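As a plain string of letters, each chain reads:
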Amino acid sequence: MDINFCRYYTGDGYPPSNRFCRACPEAWRGCDALWETVLSLARSNGDTPLPLPGTRALLFPHPSSSEFVRLKVNAEWNLPREDLFHFIATGHAGMGRKDERHNPGSSPSMTRQVPYVGAIVALLGGSQWDAIAAVRRVQGRGVPDRD
C-alpha cells in the first residue's frame, strides 16, 4: 500500500489504519459522494448482480455494510472503499502479503482488486469523470491526462 495515496491518510498501512477511509473526517470533500455512486451502481441491476465489462466479475451490494460492495467470479469477496480510493490515486490495487504492507502496488486490504476496480471506474465514466477527478484533487493527486 502506498501510504501517501491521500494527503488525509493517517497511518502506517497496518490494520486498523489501513481502513482509515471508512472513518476519514475529510471524506465529505468528495470521497463520500463517489462511494455513494459506487453503491448505487452495485444496486443498479435490481436483484441481479451487475456484470463488470471486460472481466468475468459481477458487482452487487454488500448485504449488511455500506463500507463494501461485493464482487464475484467463482468466489465472493469484499471490495472495501479504501481499495477503490487507493486505486483511484495510484492505479494500483494488487494482492500483497502481510510482510508487504508498504508495497505501493498492493491494495490496503492486500486483496487483488484489479481489473475489477478499473472496470468500476470505467462504468462510472472513467478517470476524467468529475467525481473521480474531485477525489483525486482531495487526495492531492491531481487529475491524469487520460484513463
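Basis of the calculations
Residues numbered from 1 in each chain as written. Predicted model: local features only at pLDDT ≥ 70, side-chain atom pairs only at ≥ 80, totals over all residues. Heavy atoms only, no water. Buried < 20%, exposed > 50% of the residue type's maximum accessible area, 1.4 Å probe, protein only. Helix = DSSP H or I, 4+ residues; strand = E, 2+ residues; numbered from the N terminus. Contact = heavy atoms within 4.5 Å. Core = buried A, V, L, I, M, F, W, Y, C linked by side-chain atoms within 4.5 Å.

Asker: Got a minute to help me understand helix 3 (residues 116-124) in this structure?
Answerer: Working note: α-helix, 3.6 residues per turn, so residues spaced by three or four point in the same direction. Here helix 3 has its buried residues at Tyr-116, Val-117, Ala-119, Ile-120, Val-121 and Leu-124. In the segment just after helix 3, Gly-125 is the residue with positive phi, at about 125°.

Asker: Looking at this model, I keep getting lost on helix 2 (residues 81-90). Mind explaining?
Answerer: Of all ten residues in helix 2, ten are buried, a share of seventy percent or more. Where the residues of helix 2 are buried, they touch helix 1 (31-43), strand 4 (76-80), helix 3 and helix 4 (130-139). Gly-91 occupies a position one or two residues after helix 2 and carries a positive phi of about 80°.

Asker: I would appreciate a short explanation of the nonpolar core in the present structure.
Answerer: Note that soluble globular proteins tend to have their nonpolar side chains buried in a common cluster. Phe-5, Leu-52, Leu-59, Val-69, Phe-85, Ile-88 and Ile-120 are the most contacted members of the largest nonpolar core, which totals 37 residues. Every element with two or more residues in this core is listed here: helix 1, strand 3 (68-72), strand 4, helix 2, helix 3 and helix 4. Among the elements that line this core, the one with the most residues is helix 1, at seven residues. Contacts of Ile-120, omitting those with residues within four sequence positions, involve Val-38, Leu-41, Leu-52, Leu-59 and Leu-79.

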